[in-house]
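Structural characterization, general
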Amino acid sequence: MNTPPASIQKKFTEALDDLVAQVKEDRSILAALLCGSLAYDTVWAKSDIDLVLVTIDDKKVERAHLALYAGGVNVHAFLMPRAEFRKAIEGTLRNSFLHSLLAKGRLLYTHDESIAGICGRLHEIGERDTQVQLLTAATQALPAIYKARKWFVTRGDLDYTALWILWAATPLARIEVIGARLLADREVIPQAMKLNPAFFTIIYTAMLNTRKTRKSVREALDAIDDYLEQRTDMLFQPVLDHLREVGEARSATEIEAHFKRSFDVEGVTTACEYLADQGLIGKASTPVQLTKRSNVRVQELAFVYMEDAPDAF
Amino acid sequence: MPSRTAKGAARTTIAVQGARVHNLKNLSVEIPRDKLIVVTGLSGSGKSSLAFDTIYAEGQRRYMESLSSYAKRFVAQVAKPDVDFVYGLSPVISIEQKTISSNPRSTVGTMTDIASYLNLLYATIAQPHCPRCSELTPSRTASQILEAILALPEGAEIELRAPLFKQYGEELDFVLTEARKKGCRTLIIDGKPVDISAEVELDEAKVKDMDAVVDRLVVSRKHEKAIKAGIASTLLVGDGLLQVHIVKGTSQAEAERFYRGLCSKAHHFVYGDIQPEYFMFNNPESACRTCGGLGIHKLTHPELLVPDPRRSISGGCFVREAFKYNPDTWDGRVMYSLSKALRFSLDTPWEKLPETVRNAILNGIDHRKIVLSVPPEAKVKREEGVGKEVGFHGIARRIERHYRRYRQRGEASSGMEAWLDKVMVEHTCPDCTGARVRATRLLFTIEGKTIHDVGQLHFDELHAFLGRVKPAGRGADAGRQVLGEVRGRLELLLGIGLDYLSLNRRSGTLSGGESQRIRLSTQIGSGLMGMLYVLDEPSIGLHPKDNVKMIATLERLRDIGNTVIVVEHDEETIRAADHLVEMGPGPGVHGGTVVVQGTLDDLLACKASPTGQFLSGKRRIETPMRRRKGNGKALRVRGARENNLQRLDVSFPLGMLVAITGASGSGKSTLINEILYKALWKRLVDTRTLPGEHDGVDGVEHVHKVVNIDQSAIGRNSRSNPATYIGFYDTIRDLFTRAPLSVERGYKAGRFSFNVKGGRCEECQGEGVITTQLYFMPDVEVTCGACKGARFNSETLDVTVRGKTIADVLNITVEEGVSFFAGEPVVGKKIEVLSDLGLGYLTLGQSATTLSGGEAQRIKIATELSKLQRSKHTVYILDEPTTGLHLADVERLLESLNRLVDAGHTVLLIEHHLDVIKTADHVIDLGPEGGHAGGQVVATGTPEDIAACKASHTGRFLKAHLRA
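Calculation criteria
Residues numbered from 1 in each chain as written. Chains lettered and ligands numbered in written order. Predicted model: local features only at pLDDT ≥ 70, side-chain atom pairs only at ≥ 80, totals over all residues. Helix = DSSP H or I, 4+ residues; strand = E, 2+ residues; numbered from the N terminus. Buried ≥ 20, exposed ≤ 12 C-beta atoms within 10 Å, placed from the backbone. Pairing = 2+ DSSP bridges. Axes fitted to C-alpha atoms, helices over the stretch in contact; angles between N-to-C directions. Contact = placed C-beta atoms within 7 Å. Domains from an automatic or database assignment. Nonpolar A, V, L, I, M, F, W, Y, C, P; charged D, E, K, R; others polar.

A few words now on the overall build of chain B. What chain B contains, in helices and strands, is 34 helices and 33 strands. Overall, chain B is about 100 × 90 × 65 Å in size when its C-alpha atoms are taken along their principal axes. Of all 964 residues assigned to chain B, the portion counted as buried reaches 47%.

As structure tokens, then:
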């Protein structure tokens, strides 16, 4: 069922038109936004229609998810008051899941002109958001990559190593797509495959479809290492900037707290560990109490930006 | 059976039948209602047991009984007092001294509720100002703003913008992320739109104004709800402020008319929906972001970080919590590298290091770098990083960074606070400068004063200031009503001598007496009648001149139709009573009955009444025939200026009984507790102590020890008792281990402890009672079935000494103990001292939690007396030691204090009690008034010298007393 019959597409479109015609009459619905497969992809018999309905701002109208049924098709309706819709669009980082969902969508109608304006800005991707999303994707990829390398080196278990590589494939694909300043889909690997087929064939297709050998798995791991190394500055710039700026050692807890607070990003310690392995920053330690009641202090992992410049005093 | 009133007539008495609480001996007593009743008697005679633990507890319990089971789950239940019945009870309120809040969020303003009224006043009539240029800015309701917008031409496009403020100590990234989370993607920074999803290149230091574009809307009645929601969102982001920016769709004239009608001229701001909570520092949305509404911020203090400057860095000069040199850690390598860079030795004593080096170690080397090297003594020679450059921000800065992070997390951990207190001291918050609220709240003024300014005024000044306020325009009627309410409450506080307090004063810094009087004023303010008030020594901490006002307040409470029961020793209050009840005749087991009750004349006529004897002058505390001359040496405090002290130079002669007197709030406690005691403690015990501001203390070399004997409990739980506190319990346990049976069974001292396993009863874990927690009923405490309350197991109780088990010994009174331990010099001497101080009625194992403040203080004095060292000069400091003491007890207290002085030591007393002041060898009178009008030395010399000083309020009252 690769290509659905034209009748399916027609059935979905008619069901949607029918439903939208009814919803337009509802004075509490300001706009309808078609998202999901029907908006930008191909539907099949088991698809449903994803519809975001922007409601009026009223105490009695709340955010809700409803499973509707129109013309024999399931419709997943997501009701959002206008203020919340605006906040979600303006406040969500570009390329986050919610943003991608809405950005790939299509405004079907609106009774409020300002909603068209809000939707119009969905496609503008800012550099700061890109940087944060790249860092997030990289911090998601790194733990799986470490695991893969560990299973390869310590056990030589090719299947399990390949599984971890496949876990890393999705965040790596996000890096590829976001790095190209494109909107990342929910199905991001096919998107990335188009952009960088050589790399994703090694780490994805080969790990899925061919018999895994030590050579092919090692090749995939090395390809990932090279891939990250070539993009280190692009992916980890905020971390390098922060540690350069503070100058002295910062504990893992402090670094995590800073990135959570300033960028809403978690798991940055893994990124620091990677940068230390690359020799771009140094490892240090700072004293810490294990519990609030501890009477001794042990050393916590810390990282520090170190320079070679000779003008020390 | 109490006398019955005629059918239909209201009961005129409160009748207690068969009260057996604590030492009450099946007591039955009848007290008139709607009168001022004073319950007096010796310390421990059963006054509080009758007034608080029987009458109040029963009244409270009956009220609780009336609640539904559901409601009972939310309130602590009161156990039924051991009394047959109490007739004639009405709703009862107790105003004790114990419950002083240590919560830093509690202030005089919140205690009195005046803070809430002020918040309301500011929300109603205050003039708001523009955050950018301070021009007057309108304040409207959200509906008014909505209507103004809807009056624009249909189809006009507007932007709702909210001002953003840079936050103290935060990077711009944080502000941007916060704005983003609130749904704002576009900011107007210094007039230019910036998309914050893109890379933002800004010079943080140069950024002046930031506005977030919260919403963009098309004006139309059909979008009314969207505009309304937009206004609400914008006010939330803008902290109560918003800007309406017309994008298109209006003419120039229409736009100008709109701005003129709704917003401020220069920056088009309008405040919206300002509610009283906007000014409330205990509201997280209004509290200063840096200090969380506490008004204080902690900073490290060099003297706390380096308690012993004679030590070197490698020798551990830093307090353990701050830094410990270890060549094998990263910090050790950095410190070693710093020493190489700055050319100093880690073995040089801290005090000998140059100032620049000490500053670099504590506060860092700014942007400069040091080259990393490995200390030669490091066990592990790690080479990574060697030769590279790193920064160093300093030990003090690191702790302050940890503190900021701790505050940001909004945690409250006592462990962390204790850690911080070891190395940091409180300073005024640098963000709000002590105002506790966000800066936008301080843009509202009444007669030019912000809500913080008003809270700083003393009550007399505040009362006068509010009298000058003339509300006008919007909210004038409501404002007048609120003003009347605030002034009325202030008048009550002024009426009881609290004119020197201010609303911003922290509750934790109030004395027990001050806090009691504040609560008393709120009760009077309620204007209720038919209530029963039970008060505990309201005269404490009051200068005689203020005591007169307090008595007048109690009479007023009675006159509006209430029954007022006061537990009191103060002569003036006793004389003012309508009805007196004297408990006694002795303390503890010797008390628990009514010695006499009736009018003052009945009391004076009763020969068995110690109070009557004192009041009639038949018995009195004698004025000493001669004053001691001291040992010729003195302690001299120079330039004392903490709180309201006005650069005082004060000499404290040594070898004397010295009384420090003065009106409430005159600075006595600051001078003695905050400066003299802490300065001595710092020099003699712990160098990390930080005394209040002063230039220095001379003569410390004449003093070997300083002891503060206060009224705090001698232990926190039931496992502490006089025997464990004074320390003779160890000797008693040794006595039991030497008993033949113990020797035979091989029992060691631990066997006779109820704190450790082995000898104690495991059923109750040595408590003697078992507490069962019930769901919506009070906890039930029953005597342990296994040990029958003995606290020890049967094997341990097999051992006896002179016929008594260890449990029996803990249950004997001090009086009995004197004869029982007559042959044991160590224990005997200590028990004798307790008996001499009038504590003969206490049992040796009496739980610390059942002791009054006065009893605890006398146990501490007994401890000191039992270890007197004549060769070492000790300064004893006591703050109002007569609290809770009857005149007969005061007599005994003075005897024991005189024994300390006669042994060559110095006793410093902060005191209002004229009988104590007149017996002092030397008096230092501060004043002349409290607060701003205090802080000076009014007179010094013998009590006679003070009495001769016309400027001294104390002198005036003392003169009459000495004459009597």
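More follows now that the structure is in view.
The next point concerns the sheet that holds strand β26 (residues 696-698) of chain B. All names here are of chain B. Sheet architecture is open: three strands sit in the order β24-β23-β26, paired in antiparallel fashion. Whereas interior strands pair on both sides, the edge strands pair on one side only; in this sheet they are β24 (648-653) and β26. Between one strand and the next, the sheet's axes are offset by a mean angle of 15°, whatever the strand orientation. Sheet topology places strand β23 (residues 634-640) next to β24; five bridges connect them, and they run antiparallel. Considered in β24, the bridge of V637 is made with V650. Each of β23, β24 and β26 is contacted by helix α22 (residues 668-684), which is oriented at about 115° to β23, the strand it contacts most.

Next up on the list: the domain arrangement of chain A. Residues and elements named next belong to chain A. Domains assigned within chain A are domain 1 (5-123), domain 2 (127-230) and domain 3 (236-304). Of note, the centres of domain 1 and domain 2, computed from C-alpha atoms alone, are 33 Å apart. Facing six residues of domain 1, the contacting portion of domain 2 comprises nine residues. Here the side of domain 1 that touches domain 2 is composed, by residue class, of two nonpolar, two polar and two charged.

What follows covers the environment of V194(B). Residue and element names in this part refer to chain B. Relative to the assigned elements, V194 resides in strand β10 (residues 192-195). Separated by 54 residues in sequence, V194 and K248 place their C-alpha atoms 20 Å apart. Beyond its immediate sequence surroundings of up to four residues, V194 is in contact with L187, I189 and V200.

Here we take up the interface of chain A and chain B. Listed per partner, the contact involves 43 residues of chain A and 47 residues of chain B. Sorting the residues of the side of chain A that touches chain B by element identifies α3 (82-91), α5 (113-120), α6 (127-155), α12 (252-263), β7 (282-289) and β8 (297-304) of chain A as the ones contributing at least two each. Considering every element that reaches the side of chain A that touches chain B, the biggest residue donor is α3(A), with six residues.

Now for the environment of S233(B). Position of S233(B) among the secondary structure elements: in helix α7 (residues 224-237). Take S233(B): there are 23 C-beta atoms within 10 Å of it, and that puts it in the buried class. A C-alpha to C-alpha distance of 41 Å links S233(B) and S68(B), two positions 165 residues apart in sequence. Look past the residues within four positions of S233(B) in its chain and what remains in contact with it is A83(A), V214(B) and D215(B).

Attention now goes to the sheet that holds strand β21 (residues 579-584) of chain B. Residue and element names in this part refer to chain B. If you trace the six strands from one edge of the open sheet to the other, you get β5-β19-β20-β3-β21-β22, paired in mixed fashion. Edge strands, defined here as strands with exactly one partner in the open sheet, are β5 (92-95) and β22 (593-598). Within this sheet the neighbouring strands show an average axis-to-axis angle of 20°, counted without direction. Contacts from helix α18 (residues 544-559) reach β3 (36-41), β19 (532-536) and β20 (563-567), with the element oriented near 150° to β20.

Let us look at the pairing of β23(B). Bridge count between β23(B) and β26(B): three bridges; the pairing is antiparallel. Pairing of R636(B) across the sheet is with D698(B), part of β26(B).

It is worth spelling out unusual backbone geometry at this point. Here G584(B) and P585(B) are connected by a cis peptide whose omega angle stands at 5°. Here P585(B) is to be found in the loop between β21 and β22. With omega at 5°, the peptide bond leading from G927(B) into P928(B) counts as cis. Counting through the fold element by element, P928(B) comes out in the loop between β32 (922-927) and β33 (936-941). Of note in this structure, R181(A) is not a glycine but carries a positive phi near 60°. Judged by local crowding, R181(A) falls into the exposed class, with 11 C-beta atoms found within 10 Å. Phi is positive for E537(B), which is not a glycine, with a value near 40°. Mapped onto the elements of the fold, E537(B) is located in the loop between β19 and α18. We classify E537(B) as buried; it has 23 C-beta atoms within 10 Å.

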